[in-house]
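Results of the structural survey
Now for the letters of each chain:
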Amino acid sequence: MQKPLVAAGIIAAVVLFIAIVSTTNWTQGVLYIIGLALGMTLLYARFGFTSAFRRLMSVGNVQGLQAHMLMLAVATTLFAIILSTGFSFTGVTPVGYVSPVGVSVIFGAFIFGIGMQLGNGCASGTLYSIGGGSSSMILTLIAFIAGSLLGAYHFTFWMEDTPSLPPISLAESTGLGYFGAWVLQLALFALIYWITIQIAKKKNPPMMKPLPTTVGWRKVIRGSWPLFAAAIVLALLNALTLTVRGNPWGITSAFALWGGKALTAVGIDVSTWGYFSGPAGEALTQSVLADSTSVMNFGIILGAFISAAFQGTFKPGKIKPGVAGAAIVGGLMMGYGARLAFGCNIGAYFGGIASFSLHGWVWMIMAMLGTFLALWIRPLFGLKNPKPTDSVC
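What comes next concerns the included structure. All figures in this text were calculated on a predicted structure; none of them were measured in a lab. (Residues numbered from 1 in each chain as written. Predicted model: local features only at pLDDT ≥ 70, side-chain atom pairs only at ≥ 80, totals over all residues. Heavy atoms only, no water.)

Looking only at helices and strands, the chain features 17 helices and two strands. Computed over C-alpha atoms, the radius of gyration of the chain comes to 20 Å, within 12% of the 21 Å expected from 2.2 N^0.38 for 393 residues, which places it in the range of a compact globule. Expressed as lengths along the three principal axes of its C-alpha atoms, the size of the chain is roughly 50 × 50 × 40 Å. Taken over 393 residues, the chain has a buried fraction of 54%. In the chain, the share of contacts with a sequence separation of at least 24, taken over all contacts with a separation of at least 6, comes to 82%. A total of about 16,200 Å² of accessible surface is found on the chain, and carbon and sulfur atoms cover 70% of it. Distance between charge centroids for the chain: 29 Å, based on 20 positive and 7 negative side chains. (Helix = DSSP H or I, 4+ residues; strand = E, 2+ residues; numbered from the N terminus. Rg over C-alpha atoms; globule rule 2.2 N^0.38 Å. Buried < 20%, exposed > 50% of the residue type's maximum accessible area, 1.4 Å probe, protein only. Contact = heavy atoms within 4.5 Å. Areas by Shrake-Rupley, 256 points an atom, 1.4 Å probe, with all protein chains shown as cover. Lys, Arg positive; Asp, Glu negative; His and termini not counted. Charge placed at Lys NZ, Arg CZ, Asp CG, Glu CD.)

Counting residues in each nonpolar core, the largest one holds 95 residues, and the members touching the most others are Phe47, Trp249 and Tyr349. Counting residues per element, this core draws most heavily on helix H4 (residues 63–85), which supplies 11 residues. Non-local contacts of Trp249, meaning those with residues more than four positions away in its chain, are made with Leu38, Leu42, Tyr97, Ser124, Leu234, Asn238, Thr241, Met296, Ile300, Ile346, Gly347 and Phe350. Formed by 12 residues, the second largest nonpolar core is a distinct cluster that contains Phe155, Leu263, Tyr275 and Leu284. (Core = buried A, V, L, I, M, F, W, Y, C linked by side-chain atoms within 4.5 Å.)

This structure, assessed with the given rule, holds one cavity of 30 Å³ or more. Along the walls of the largest cavity sit Arg46, Phe47, Gly48, Ser51, Ala52, Arg55, Gly64, Ala67, His68, Met208 and Leu227, which together make up its complete lining. If you list the elements that add at least two residues to the lining of the largest cavity, you get helix H3 (50–59) and H4. Its residues assigned to classes, the lining of the largest cavity shows five nonpolar, four polar and two charged. (1 Å grid on protein atoms, 1.4 Å probe; cavity = no way out; pocket = protein on both sides within 12 Å on 5 of 7 lines; lining within 4 Å. Points joined across faces, edges and corners; volume = space filled by probe spheres on them. Nonpolar A, V, L, I, M, F, W, Y, C, P; charged D, E, K, R; others polar.)

On to the packing of helix H1 (residues 3–23) against helix H2 (residues 26–45), then. H2 packs onto H1 with a crossing angle of 155° between their chain directions and a minimal axis gap of 8 Å. With respect to each other, H1 and H2 are oriented roughly antiparallel. Where H1 crosses over H2, the two elements pack in a sense that is right-handed. Seen from H1, the contacting residues are Ala12, Ala13, Leu16, Phe17, Ile20 and Val21; seen from H2, they are Trp26, Gln28, Gly29, Tyr32, Ile33 and Leu36. Taken together, the residues of the contact of H1 with H2 sort by class into 10 nonpolar, two polar and no charged. (Axes fitted to C-alpha atoms, helices over the stretch in contact; angles between N-to-C directions. Parallel < 35°, antiparallel > 145°, perpendicular 65-115°, else oblique. Left-handed = near helix turned anticlockwise from the far one by under 90°.)

Put into structure tokens, the structure is as follows:
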């Protein structure tokens, strides 16, 4: 255990909590705590979206995708109850992430899939990896913010000048209702899970590399968590987020906001951009602590940092030139793609599917295709892909 870092992380977490509550309100403080829990869960299980897609597409390892299906099944069940009843802890009517399905989603998710394989992390992966001590992820985050800004600048073109269907909810746009849509999605999750079993039988892929751990009760804060346990916790925390702030968990809108504030600070007016009309524009004039997505992101980074310090694994290293180049290119692609696709692996894939949005399923398919193409691009930057002959992946 890296005790000085644990102490520093806890002190920083408490100070930031006090700043958030005193500047805004207790709801923001609760969301920040949820962010801390998300960061801890992601770090302790090394819960990946990028790695899950890469292992599947390269060697047929299905462990990550199976965890995704469990996570989505639990979240879908909880979301169905919350959205159909309007249940809320704060009085805010819960609304899921249901977005249009068009060229922007198809293209955005595809380049996001490429970008997350080059950047070696998705939106959630970028944040918890920074907290966990990954030096290259700092470059990925900076480029992510820049890409988000570029996507925000082009947002009006993609929304108004490219073909698109309206938002399609499997629950509300089809006549199935939330119960029918819940049954349909559970059937799809079960089908995908069955397919993954068949893939594993056929390919006999290497298993995921074991994580550093310990024994007994210390495993909770110093060891590693089972992937399926983390999947359930992430689903519960996403549902809790929905009942507290009225929307599911999201990440990348904060990146556009941070970039917009930075440009505003140097005299560039971004309020005229189409993306920054409405709530996104209002956020530019307020404290960043008033933005619920931002405070949750801060929580994720700090939660992951504290967890890594408990494990003794916080050890930033040097960044190789190839990795640095890939991180920058990948971050730019993810940032741009997330703006076009109405979210990332969290807002569009996790939150979208759990909200019964068709665009979430489209995002999943296109990100998978982007991942497949990225397997051919990664070696150009000196990045390795899993191989069937590996002992672990």
